[in-house]
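Tertiary structure, described
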Amino acid sequence: MKSLLWIGVVGCLVLVGVAMAADKPADGRELYKEYCKSCHGPNSPHGEVTPMSLIVEQWERFFAEKLEPSHRSVLDPKHDNRPVLEVITPEMLKKIKEFAIEHAADSEHPMTCG
Amino acid sequence: MVPRLHLFAVAVALLLPSLPGQAREYTHQKYFEHYEGTATCLQCHAEEARSFFHSQHYQWRSATAKIVNGGGKEFGKINVINDFCTAVGPSWIGLTNNSRGEAISKGCSKCHAGLGRLPEPGESPEQLANIDCLMCHAAGYNRDLYQRTDGGWEWRPVLWKNPEGLDSVAKRIGRPTTTSCLRCHAGSGGGPNFKRGDLEYAVTERDRTFDVHLAKDGAGLDCLDCHGGSDHKVRGRGADLFGDEMPDRPLGCDDAACHGSAPHTVEALNLHTARVACQSCHIPTFAKADPTDMVRDWSTPAYHQEQDKWSATITMAKDVVPVYAWYNGTTRAQLPGVAVTRGRDGRVGMMLPQGDRSDPRAKIYPFKRHLAKMPVLVGKNWLLPIAVEEFFASGQLDAAVKKGAEEFYGVKDAAYEWVETVRYMGISHEVVPARGALGCLDCHSPKGRLDWQALGYRGDPLVAAMRAAHGKR
């Protein structure tokens with residue numbers, strides 16, 4: 001168990017470094033496309049999920065309570081089969097969350113991520 | 001057992017402090033459990049549904065007491081031809097994609113508070129169930145166009161696959177807000193502020209210099225504070241709409257409940273209100289955030305690379321100075337199926353304000369003067385609509401005009417020519433603070449806004465009055 005935690009820590013730190021080194025931080029929409037849409041596009045076996053699939057309240061609940069248990073053991077084939085939760089840094093996640101909420105089903109500008 | 005605590009979860013908890021609260025309470029929280037379409041609302045609000053069904057907002061037509069040539073008939077968007085998207089008949093509902101497969105148009109029903117059926121004059125269970133109450137009454141409601149398995153199209157909540165989310169939104173019921181009115185009124189004519197010019201999305205964000213009435217730091221009104229009627233009828237028709245649902249309760253700035261007709265301490269200003277409408281001095285310009293469509297030439301297709309879409313050639317303008325004309329509250333309209341009549345300027349008048357200087361009911365009002373080029377059936381001289389949806393994708397104008405003629409009049413392979421048209425659209429929004437109102441010299445000077453001769457004066461009446469006062473007439 002402990003080792004798993006540490007892999008997580010190291011993985012996150014490395015990724016944070018990469019994200020901070022990047023010239024322009026990617027915006028929420030690009031991040032959503034890169035890190036969520038790959039598994040949640042139309043006809044995906046995991047179900048299509050776009051910002052306007054959920055209302056703001058549900059997104060808040062998702063990020064606070066559900067993301068961790070539902071994605072804990074999911075590996076991301078698009079990113080070297082590493083665990084989803086290692087691939088996505090907290091910074092990226094924050095932007096993804098902002099993007100999802102800004103374009104939620106009950107927002108003023110509901111949107112898919114294109 | 002050691003909890004499976006992941007750094008990730010900690011990070012999430014630290015970075016995103018907005019932990020979910022209790023399920024929020026909404027007005028209709030306890031009235032129903034699941035939203036099952038309009039039927040849910042009909043259980044308790046059958047009467048209101050009926051009143052909405054009969055309103056102009058649903059029927060898209062109503063009595064036309066203010067149209068001098070209306071002949072006692074009911075008209076509205078549903079059965080007329082205009083110089084924007086021409087007519088709803090051929091373009092009611094359906095998805096039009098460009099060559100890249102992206103949606104470029106979804107039909108006129110996008111701005112109808114129904115779920116996709118054409119409104120019918122007779123009340124029926126299907127028609128009542130077609131009303132989309134949430135469009136006006138539920139904050140956070142959004143809908144999109146979907147194809148049914150039978151191939152037909154309908155508007156559905158974007159949350160149709162998420163019953164929990166939809167139930168939440170459907171319970172957030174309230175009186176319509178400015179935002180709910182603007183979802184249709186600011187986007188009409190095909191894009192932001194295209195049609196009206198003085199009803200813009202930006203109004204909800206700007207300060208009082210943009211619109212003293214609607215700004216939060218201004219009067220803080222919403223649309224309904226002025227337009228609210230009863231039984232789903234709204235007050236006010238403006239100058240260029242056909243219907244007038246509440247002829248007995250017209251809407252004007254000088255209503256006794258609002259400003260009355262002598263609101264100024266400066267007597268010289270109150271002297272004007274008998275002949276000059278309040279709007280003329282208090283709305284110096286319109287289209288202050290988004291440009292508005294001033295000329296729509298349907299005879300010349302324009303291709304837009306970025307959107308991969310065709311349109312008419314549209315000339316847009318921002319910060320537009322209105323034109324001024326006499327208006328007594330009635331209008332002459334160019335009706336479909338009636339030979340077009342041209343004015344002295346050679347243009348067909350789509351909507352012309354009536355009245356002149358000698359008409360005591362008339363005042364000088366500000367207008368957006370919209371010009372266009374429209375097809376007319378050779379021989380009969382009837383205005384023709386255009387099947388715009390297909391044209392947006394293909395750019396095949398000739399086919400679209402012929403299809404319009406066939407669907408609207410049943411005329412096959414129509415021969416047509418182009419005419420120039422003009423429409424006068426009343427300007428009543430985007431009132432600026434008193435400081436910004438027109439000053440004397442904006443009108444009373446050689447370079448003033450008013451064309452005195454065209455308005456029926458020999459010259460500037462102030463100059464004439466001063467001459468008279470000095471005894472040299």
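If you're wondering where the values come from, they're calculated on a predicted model, not measured in any experiment.

**Thoughts on the overall build of chain A**
- When its secondary structure is counted, chain A shows 5 helices and 2 strands.
- Element order for chain A, N to C, with α for helix and β for strand: α-α-α-β-β-α-α.
- For chain A, buried positions account for 45% of its 114 residues.
- Within chain A, counting contacts between residues at least 6 apart in sequence, those at least 24 apart form 65% of the total.

**Notes on the environment of tyrosine 327 of chain B**
All names here are of chain B.
- Counting through the fold element by element, tyrosine 327 comes out in strand S9 (residues 323-327).
- The exposure class assigned to tyrosine 327 is buried, which follows from its relative accessible area of 9%.
- Separated by 99 residues in sequence, tyrosine 327 and glycine 426 place their C-alpha atoms 9.6 Å apart.
- Beyond its immediate sequence surroundings of up to four residues, tyrosine 327 is in contact with Arg237, Gly238, Ala239, Pro353, Gln354, Arg361, Ala362, Lys363, Tyr365 and Phe367.

**Quick notes on the pattern of salt bridges**
All names here are of chain B.
- Scanning the entire structure with this criterion turns up 29 salt bridges over all chains.
- With its nearest N and O atoms 2.9 Å apart, the salt bridge here joins arginine 143 to aspartate 132. Taken as a pair, arginine 143 in strand S5 (residues 143-147) and aspartate 132 in the loop between helix H4 (125-130) and helix H5 (134-137) lie far apart in primary sequence, 11 residues in all.
- According to the relative accessible area criterion, arginine 143 is buried, its value standing at 13%.
- For aspartate 132, a relative accessible area of 2% corresponds to the buried category.
- Of the charged contacts in the structure, one is a salt bridge between lysine 403 and glutamate 390, with a shortest N-O distance of 2.3 Å. Of this pair, lysine 403 sits in helix H12 (residues 397-409) while glutamate 390 sits in helix H11 (residues 388-394); the two residues are 13 residues apart in sequence, bridging distant segments of the chain.
- With a relative accessible area of 41%, glutamate 390 lands in the partly exposed category.
- If you follow the salt bridges from partner to partner, you end up with Asp83, Arg196, Asp240 and Arg423 in one network.

**Focus on the pairing of strand S12 (residues 363-377) of chain B**
All names here are of chain B.
- A large share of S12 lies buried, amounting to 12 of its 15 residues.
- Bridge count for S12 against strand S13 (residues 416-426) is 11 bridges, and the pairing is antiparallel. Bridging across to S13, phenylalanine 367 finds its partner in glycine 426.

**A closer look at the nonpolar core**
- Grouped together as the largest cluster of nonpolar side chains are 26 residues, with contacts concentrated most on Trp298, Met374, Leu383, Ile386, Phe391 and Phe392 of chain B.
- Elements that contribute at least two residues to this core include exactly strand S11 (348-353), S12, H11 and H12 of chain B.
- The contact partners of phenylalanine 392 of chain B, leaving out residues within four places of it in the chain, are Ile104, Ser105, Trp298, Lys309, Trp310 and Ser311 of chain B.
- Counting residues in hydrophobic clusters, the runner-up holds 24 residues, among them Ile55 of chain A together with Phe32, Leu128 and Leu159 of chain B.

**Observations concerning the domain arrangement of chain B**
Residues and elements named next belong to chain B.
- By domain assignment, chain B separates into domain 1 (1-30), domain 2 (31-246 + 271-438) and domain 3 (440-473).
- The distance between the C-alpha centroids of domain 1 and domain 2 comes to 44 Å.
- Domain 1 puts 5 residues into the contact, and the matching count from domain 2 is 7 residues.
- Where domain 1 abuts domain 2, roughly 700 Å² becomes buried across the two surfaces, and 56% of that area is made up of carbon and sulfur atoms.
- A per-residue breakdown of the area domain 1 buries against domain 2 is headed by Tyr26, Thr27 and His28, which together make up 77% of the total.
- Here domain 1 is connected to domain 2 by 0 salt bridges.
- Here the side of domain 1 that touches domain 2 is built from residues that sort into 1 nonpolar, 3 polar and 1 charged.

**Comments concerning unusual backbone geometry**
- With phi around 55°, aspartate 80 of chain A is a residue other than glycine that occupies positive phi space.
- Note on placement: aspartate 80 of chain A falls in the loop between strand S1 (75-76) and strand S2 (82-83).
- By relative accessible area, aspartate 80 of chain A is classed as exposed at 65%.
- Of note in this structure, alanine 287 of chain B is not a glycine but carries a positive phi near 60°.
- Relative to the elements of secondary structure, alanine 287 of chain B occurs in the loop between helix H10 (278-282) and strand S7 (292-304).
- For alanine 287 of chain B, a relative accessible area of 0% puts it in the buried group.

**Here we look at the side chain of histidine 112 of chain B**
- For histidine 112 of chain B, the position within the fold is in the loop between strand S4 (103-105) and H4.
- Dropping the residues within four chain positions of it, histidine 112 of chain B is found in contact with His57, Tyr58, Trp60, Trp92, Arg117, Pro119 and Arg143 of chain B.

**Some remarks on helix H3 (residues 56-71) of chain A**
- At glutamate 65 of chain A, H3 of chain A shows its largest bend, some 55°, and a proline, proline 69 of chain A, comes one to four positions later.
- For H3 of chain A, the full list of buried residues reads Val56, Glu57, Gln58, Trp59, Glu60, Phe62, Phe63, Leu67, Glu68 and His71 of chain A.

**Notes on the state of the cysteines**
Residues and elements named next belong to chain B.
- Tallying each qualifying case throughout the model produces 0 disulfides over all chains.
- Counting only cysteine sulfurs, cysteine 41 is the nearest neighbor of cysteine 44, a cysteine outside any disulfide, at a range of 8.9 Å.
- Residue cysteine 44 is classed as exposed on the basis of its relative accessible area of 59%.
- Cysteine 41 supplies the cysteine sulfur nearest to cysteine 133, a cysteine that is in no disulfide, at a spacing of 4.1 Å.
- The exposure class assigned to cysteine 133 is partly exposed, which follows from its relative accessible area of 22%.

**Digging into the confidence of the model for chain A**
- For chain A, per-residue confidence averages 82 on the pLDDT scale, and residues scoring 70 or more make up 77% of the total.
- Ignoring residues within four places in sequence, the model shows residues 1-23 of chain A, a span with pLDDT below 50, making 17 contacts including any to other chains.

**Considerations on the packing of aromatic side chains**
Residues and elements named next belong to chain B.
- Throughout the structure, instances matching the rule amount to 20 aromatic pairs over all chains.
- A centroid spacing of 5.0 Å and a plane angle of 70° characterise the contact between phenylalanine 408 and tyrosine 409, whose relative ring orientation is edge-to-face.
- What links up through ring pairs into an aromatic cluster is the set Tyr327, Tyr365, Phe367 and Tyr424.
- Cation over ring: lysine 77 sits above tryptophan 60, and NZ or CZ is 5.6 Å from the ring centre.

**Looking at the confidence of the model for chain B**
Residues and elements named next belong to chain B.
- Per-residue confidence for chain B averages 93 on the pLDDT scale, and 95% of its residues sit at or above 70.
- For the stretch residues 1-22, pLDDT sits under 50, and the model shows 33 contacts to residues farther than four places along the chain or on other chains.
- For this predicted complex, the interface score ipTM comes out at 0.82, while the overall pTM is 0.92.

Basis of the calculations
- Numbering of residues begins from 1 in every chain and follows the order in which that chain's sequence is written.
- As a convention, the first chain written is A and the first ligand written is 1, with the rest following in written order.
- Totals for whole chains, interfaces and linings use all residues, but because this is a predicted model, local features are given only for residues with pLDDT of at least 70 and pairs of side-chain atoms are given and counted only at 80 or more.
- Computation of side-chain values: all heavy atoms of the structure, hydrogens and water removed.
- Runs of E in the DSSP output that reach at least two residues are strands. Runs of H or I that reach at least four are helices, and both are numbered from the N terminus.
- Summary of the burial criterion: residues with accessible area below 20% of their type's maximum are buried, those above 50% are exposed, and those between are partly exposed, where the area comes from a 1.4 Å probe applied to protein chains only.
- Here, two residues are considered to be in contact whenever any of their heavy atoms come within 4.5 Å of each other.
- A pair is scored as a salt bridge if a Lys or Arg side-chain nitrogen falls within 4 Å of a carboxyl oxygen belonging to Asp or Glu.
- Should DSSP find at least two bridges between two strands, the strands are regarded as paired.
- Only buried residues count toward a nonpolar core. Its members are Ala, Val, Leu, Ile, Met, Phe, Trp, Tyr and Cys residues joined through side-chain atoms within 4.5 Å.
- An automatic or database domain assignment supplies the residue ranges for each domain.
- A 1.4 Å probe defines the accessible area here, and the buried area is the portion of it lost by two parts on being joined, summed over both.
- Residue classes follow a fixed rule: Ala, Val, Leu, Ile, Met, Phe, Trp, Tyr, Cys and Pro count as nonpolar, while Asp, Glu, Lys and Arg count as charged, and any other residue, Gly among them, counts as polar.
- In this scheme, the bend at a residue equals the angle between the axes fitted to the seven residues that finish there and the seven that begin there.
- Here, the term disulfide refers to a pair of cysteine sulfur atoms separated by no more than 2.5 Å.
- What pLDDT reports is the predictor's confidence in each residue, on a scale of 0 through 100.
- The aromatic pairing rule takes the rings of Phe, Tyr and Trp, using the six-membered ring of Trp, and pairs them if the centres are within 6.5 Å, calling planes under 30 degrees apart stacked, those over 60 edge-to-face and the rest tilted.
- When the NZ atom of lysine or the CZ atom of arginine is within 6 Å of a ring's centre and also within 35 degrees of its normal, the charge is said to sit over that ring.

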